[in-house]
Amino acid sequence: MSYLAPETLEQALSALADPGPMRLVAGGTDVFPALGDRPLRGGLIDLTRVAEMKGIAARDGGWRIGGAVTWREILKTDLPPCFDGLKAAAREVGSVQIQAAGTLAGNLCNASPAADGIPALLALDAEVELASRDGTRRLPLADFVTGVRQTALRPGEILSALHIPVQPEGARSSFLKLGSRRYLVISIVMVSAVLWCRDGRIAGARIAVGAASPVARRLPALEAALTGLAPEALGAVTTPDHLAPLQPIGDVRGSADYRRAAVAELCDRALRKALHG
Amino acid sequence: MDKRTSSPLTAFHLNGRIVEAAPLPGERLSHTLRERLGAREVKVGCNAGDCGACTVLVDGVPVCACLMPAQQAAGREVDTLTGLLETPEGQRLMRSFQDHQAAQCGICTPGMVVSAVALLRETPAPTEAQAQDALGGVLCRCTGYRKIVAAVVGAAAPRMGEGKVGDTIRRLDGPAKVEGRERFGDDIADPDTLVIRVIRSPHPHAAFSFGDLAALERRPGIAAILTAADVPGLNAFGVIPAFVDQPVFAESVARHRGEAVAAVVGTPEAMATFDPADFPVTWEPREAVLSVEEALAKGAPLLHETRKSNVMTSGFVARGDAAAALSRADVVAEGRFRSGFVEHAYIEPEAGFARLVGERLEVHACTQAPVMDQEGLAQILGWPKERIRIVPTAVGGGFGSKLDLSVQPFLALAALKTGRPVRITYSRTESMQSTTKRHPSDLTVRIGATKDGRLCGMDFRGDFNTGAYASWGPTVANRVPVHASGPYRIADYRAAARGIHTHNPSSGAFRGFGVPQSAIAQESLFDDLAEALGMDPLDFRALNALRDGEPTVCGQVFEQGVGIAACFDALRPAWEKARADCAAFNAASATVKRGAGIAGGWYGCGNTSLPNPSTIKAGITPDARLVLHQGAMDIGQGANTVIAQIFAEALGLPLAQVSLVGPDTDVTPDAGKTSASRQTFVTGAAAKLAGEALRREILKLCNAPETAAIALDGDGLHVTHEVQRHDIALDRMTPDAEGYVLRAEETYDPPTKPLDANGQGHPYAQFGYAAHLAVVEVDLTLGTVKPLRFTAAHDVGRAINPLLVEGQVEGGIAQGLGMALMEEYLPGRTENLHDYLIPTIGDVPPIDTLIVEVPDAHGPFGAKGLGEHALIPTAPALLNAIRNATGVRIREVPATPSRVKAALEAAGGAT
């Protein structure tokens, strides 16, 4: 059993290649609850000191968010309005304590259907950077999260960064989460929207929904239907057809029917919020 | 090369001091701080980031210490409450938390204060919303958060008195709580104490057999394995003598998920790497009955062979002829109402420490009932109870569940078998799986009224899911029929309640013993009746409110002290304003509607028709110390302060001169259990008697009249009346064996009479009364319900300490709100504070407490009990407010957004 705190990505990858079960940890906000009161088997590789995984940097018109960046750092960073949705999601992640420790990358790797970070990042068209000793590959986020608690992360790989591509000019965004209490709550459903206008009309939109399917999903039909609409009079635009990619389940937090109805309403509200604040 | 932790030492600054520790890989910072560095002010409530009690600052930023790998702290600044006390923000919060009584039990206080320090450093004058955002990650189950918000935003402090009856004063035990010095169940043991880990059933019903226990016992560091075979006395416990049915360790069959079958005792090092999954046990799952329907079905497996059809017991009250009255009533409202398991969710999981001292056993654990613990352990050990000493620790919330034995039998058996000191702390999941719950209820109720608005007949049938073992289930079955009428005049009444066993954790005592459930049904149907009669809901209740000289449904007539009408009167201005405000709001709002709802409640203080004594002892030492042996467990509600105020007033000396000795079965007499809203009333009455008796002893020494004034100082006692003064030199008197030169010990037992077969009699010497007004906002599209404010009128007879009354009311309302809107315990599904939702600081709106004082002849200075009353009207008031907002009647709690939306759609009222 060991505890390793590598300072470079290369060190982290080589630690991961060592024999013996090693688990990656950053904020610990998922690792420890999953551990419960059982002992840790194997060791931990702490990623919070890895230089390449730190910081948020503007790059080629887009942004690189290091794999060890916390929700709190997102909130403390000056970012354009297209990140308002991601920031709103950051504020809804657990509590200030969780936001201070938990990382965006960890949220993605944990791959909970109710992960607060995924819809906003899907709506930003995020890609993940996966590092291994064989090199680095990139995947669209939609291809990275493959199922409930399942990702495309291969053995020996580390999610080293997120990349947010250049966003259309004037893009604005929003995020709404529905839960049964104010703080520290798992979503019943959540919606994030990014959209942009040209000549007084909606020119494009990306809308993603979480906790209404095993993996958070974009709603392409709704996105298409929005193009060309006038933002001033945007009313109830979301129809049941638009929600076809979703497969909401019924559980302790809400019935499947409820989730479907709530998503439609939340989509409309998220769009209005993105447009009008 | 990797920065391998070649040296296992981790060094960081703790409260400004460099410290080094050698945590194991995977060790949480909270554990390192508490067990390796002595920072026990860091509290652990969930080990999952769900409660925030362990909040510390790392480089100035609040984080949950339970989620941080200890090594991650290397080279950083870690500050706990202790290190922040002397900062300007810490000093300010120490004062304001005490001024507002923002700490009740005190277990969440370190997390609250640390989070608040971080806020005040960034935002010296925060708004309420900023305070809520900053403290949203710390759960509190006692206060209802309002006092915490007031303390953090720096609201004006309430005016403090000097400690007379009726004075608001700071809690006497407040400083230890706000400074993190209070020692709870997990704070007693030395770090090297042997650790107990309980092995529990993963199935609701399963036979089991053990493998090679001896091999496990031989493993390095393992000191003992405990099973049913190690119980020297009776392998059973329970709180009601006729229903002692719960084994310490199941013997061959487990009857609920989480039931204990064995325990492993070992060194902290060995237990840190012990995985319960490695315990050699084989399970054979059996058919389980989880609901009342399943348990009552023909051929259902029996939980207990002697309890036919799984019916544990039943309660019954009948007066007049309910059926005839209902048939002649002009209007009848009826309905079926259901509720689920509710978890107490105190932030302190059960914990304790035990050791052998000579031939005796000493148990330090959190409890609401030290003498019952002593008696229960005596039976389990087969020992005389004098060989067992119970020294209660501070209690981090109880609400009923810590009345039952939990960790104590394991501590006792482990100490006995190993001969060494032992400790145990339940994990959050273990606490939730294995301790008692509020009973799920299934109630079918009919209530009638005549055209003139008077109640005319009530029929109540209730089934309560009592789980695997009896616990306080019989009390619920008996209390509910006595209370299900509410505080109203109903001449023709029939109420029957049953407790049904299922393969679930035991349902037991939880603030209100079944009455919060029955109040939902009765108070909801009252709104139906008022509507059918075209009456205002408050007028309808006021018209039917019980008054002095009128019989209760048990035929008990109180000639004085019935305060429910006064509560309704007190609410009337707020009610009329709320109704008008809601109507005005709704006229301008299509998809968001507001509503105001009202509900009344009552609760009999003390045991139902059973002896219920409390004893209080006090003495004065030769060096002029006035000592009060205060045995009423203060679980956050304030007994330490209230009982002392009563005693000092009766004695006639300033409260500041009273030194408290707490509950301890060796030195403090039995003040009974902290339960049934009895401590202010019963122990308070004993304290008053003790104060008066001590006063008489003093006056007797100098033949002074009752009107004489007493003073105490370093020279002794001074008695003056008119111009005469007597000085009593205490140091010349001969102390008794306990060191007292003057003493008094008095017992009070409230007068009750048994109930006959129809439940007629005098179940309680007093009731307390309450009425709540809730205002809510309902989003018709999403089904979300947002409480906007509460107004709560409580007849407490006499408010001994008005701010403590507010604290009880606000905390009770928060729990009622949780029960109404979000809380449901599902075994196997919501066994942590992540999935089981209790209200956060952002969920409890402003609460106005209206203190009503209709004195009670039996209560000390007229005081009545309050603890449970604070919760009873809350849920029905909320449901009635939802109905007022939407026209939709919710008959199953919690009223989650999903359920509210479904009800709106069923009613065609959805948009």
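As shown above, the structure is provided for reference.
Reading the values: rules and limits
- Residues numbered from 1 in each chain as written.
- Chains lettered and ligands numbered in written order.
- Predicted model: local features only at pLDDT ≥ 70, side-chain atom pairs only at ≥ 80, totals over all residues.
- Heavy atoms only, no water.
- Helix = DSSP H or I, 4+ residues; strand = E, 2+ residues; numbered from the N terminus.
- Rg over C-alpha atoms; globule rule 2.2 N^0.38 Å.
- Buried < 20%, exposed > 50% of the residue type's maximum accessible area, 1.4 Å probe, protein only.
- Contact = heavy atoms within 4.5 Å.
- Areas by Shrake-Rupley, 256 points an atom, 1.4 Å probe, with all protein chains shown as cover.
- Lys, Arg positive; Asp, Glu negative; His and termini not counted.
- Charge placed at Lys NZ, Arg CZ, Asp CG, Glu CD.
- Expected span 1.5 Å × (residues − 1).
- Patch = residues over 30% accessible without salt bridge, like charges linked within 9 Å, V, L, I, M, F, W, Y side chains within 5 Å.
- Salt bridge = Lys/Arg side-chain N within 4 Å of Asp/Glu carboxyl O.
- Pairing = 2+ DSSP bridges.
- Axes fitted to C-alpha atoms, helices over the stretch in contact; angles between N-to-C directions.
- Core = buried A, V, L, I, M, F, W, Y, C linked by side-chain atoms within 4.5 Å.
- Phe/Tyr/Trp six-rings, centres within 6.5 Å; stacked < 30°, edge-to-face > 60°.
- Lys NZ or Arg CZ within 6 Å of the ring centre and 35° of its normal.

A. Focus on the overall build of chain B. Counting its regular elements, chain B contains 23 helices and 33 strands. For 911 residues, the compact-globule formula gives about 29 Å, and the C-alpha radius of gyration of chain B, at 28 Å, lands near that figure. In terms of principal-axis extent, the alpha carbons of chain B reach across some 80 × 80 × 60 Å. Within the span of chain B, comprising 911 residues, buried residues form 66% of the whole. The long-range fraction of contacts in chain B, counting pairs at least 24 apart against all pairs at least 6 apart in sequence, stands at 77%. Working note: accessible area of chain B is about 29,300 Å², and carbon and sulfur atoms make up 50% of it. Where the 86 positive side-chain charges of chain B centre and where its 104 negative ones centre are 2 Å apart.

B. The arrangement of helix H16 (residues 515-533) of chain B in detail. Residue and element names in this part refer to chain B. End to end, H16 covers 26 Å across 19 residues, agreeing with the expected 27 Å (1.5 Å per residue, within 8%). Taken across its 19 residues, H16 has 17 buried, putting it largely inside the fold. Positive phi appears at Gly 534, one or two residues downstream of H16, with a value of about 70°.

C. Local environment of a negative patch on the surface. All names here are of chain B. Taken together, the side chains of Asp 623, Asp 713, Asp 715 and Asp 731 define an acidic patch exposed on the protein surface. Structurally, Asp 713 is set in strand E27 (residues 709-713). For Asp 713, a relative accessible area of 36% translates into the label partly exposed.

D. Just the sheet that holds strand E22 (residues 493-501) of chain B, in detail. All names here are of chain B. Reading across the sheet, the 5 strands line up as E12-E22-E21-E20-E13 and stay open at both edges, with mixed pairing between neighbours. Where the open sheet ends on each side, the last strands, each with one partner, are strand E12 (311-319) and strand E13 (331-339). Sheet twist, expressed as the average angle between the axes of neighbouring strands with direction ignored, equals 5°. Note that E12 and E22 share 8 bridges and pair antiparallel. Its bridge partner lying in E22, Ala 318 is registered against Arg 494. Relative to the sheet, helix H15 (residues 473-483) contacts E12, strand E21 (455-467) and E22, its axis offset from that of E12 by approximately 15°.

E. Looking closely at helix H20 (residues 679-701) of chain B. Along its 23 residues, H20(B) runs 32 Å from first to last C-alpha, staying within 8% of the 33 Å computed at 1.5 Å per residue. The first or second residue beyond H20(B) is Asn703(B), which carries a positive phi of 50°.

F. View of the nonpolar core. Residues and elements named next belong to chain B. By size, the foremost hydrophobic cluster in this structure holds 161 residues, and its most contacted members are Phe 97, Met 112, Ile 148, Val 152, Leu 529 and Ile 882. Ranked by the residues each element gives to this core, the list is headed by H16, at 9 residues. Those residues in contact with Ile 148, other than ones at most four positions away along the chain, are Phe 97, Ala 102, Met 112, Leu 135, Cys 140, Thr 143 and Ile 841.

G. Geometry of the sheet that holds strand E24 (residues 614-620) of chain B. Residue and element names in this part refer to chain B. Spatially, 4 strands are ordered E26-E25-E24-E30 in an open sheet, and the strand pairing comes out mixed. Whereas interior strands pair on both sides, the edge strands pair on one side only; in this sheet they are strand E26 (658-661) and strand E30 (742-748). Within this sheet the neighbouring strands show an average axis-to-axis angle of 20°, counted without direction. With 4 bridges connecting them, E24 and strand E25 (residues 626-629) associate as antiparallel partners.

H. Representation of the packing of aromatic side chains in the model. All names here are of chain B. Scanning the model with the defined rule gives 15 aromatic pairs over all chains in all. For the ring pair Phe 208 and Trp 283, a centre distance of 5.5 Å and an interplane angle of 55° mean the geometry is tilted. Pair noted here: Phe 208 is in strand E7 (residues 206-210) and Trp 283 is in strand E11 (residues 281-285), with a separation of 75 residues, a long-range link. Residue classification places Trp 283 among the buried residues on the basis of a relative accessible area of 19%. When the centroid spacing of 5.3 Å and the interplanar angle of 85° are considered together, the rings of Tyr 764 and Phe 767 count as edge-to-face. Of the two residues examined, Tyr 764 and Phe 767, each falls in the buried class. Taken together, the aromatic side chains of Phe 558, Trp 602, Tyr 764, Phe 767 and Tyr 769 make up a single cluster linked through ring pairs. Over the face of the ring belonging to Tyr 426 we find Arg 200, whose NZ or CZ atom lies 4.9 Å from the ring centre. Here the basic side chain of Arg 594 rests over the ring of Phe 585, its NZ or CZ set 3.9 Å away from the ring centre.

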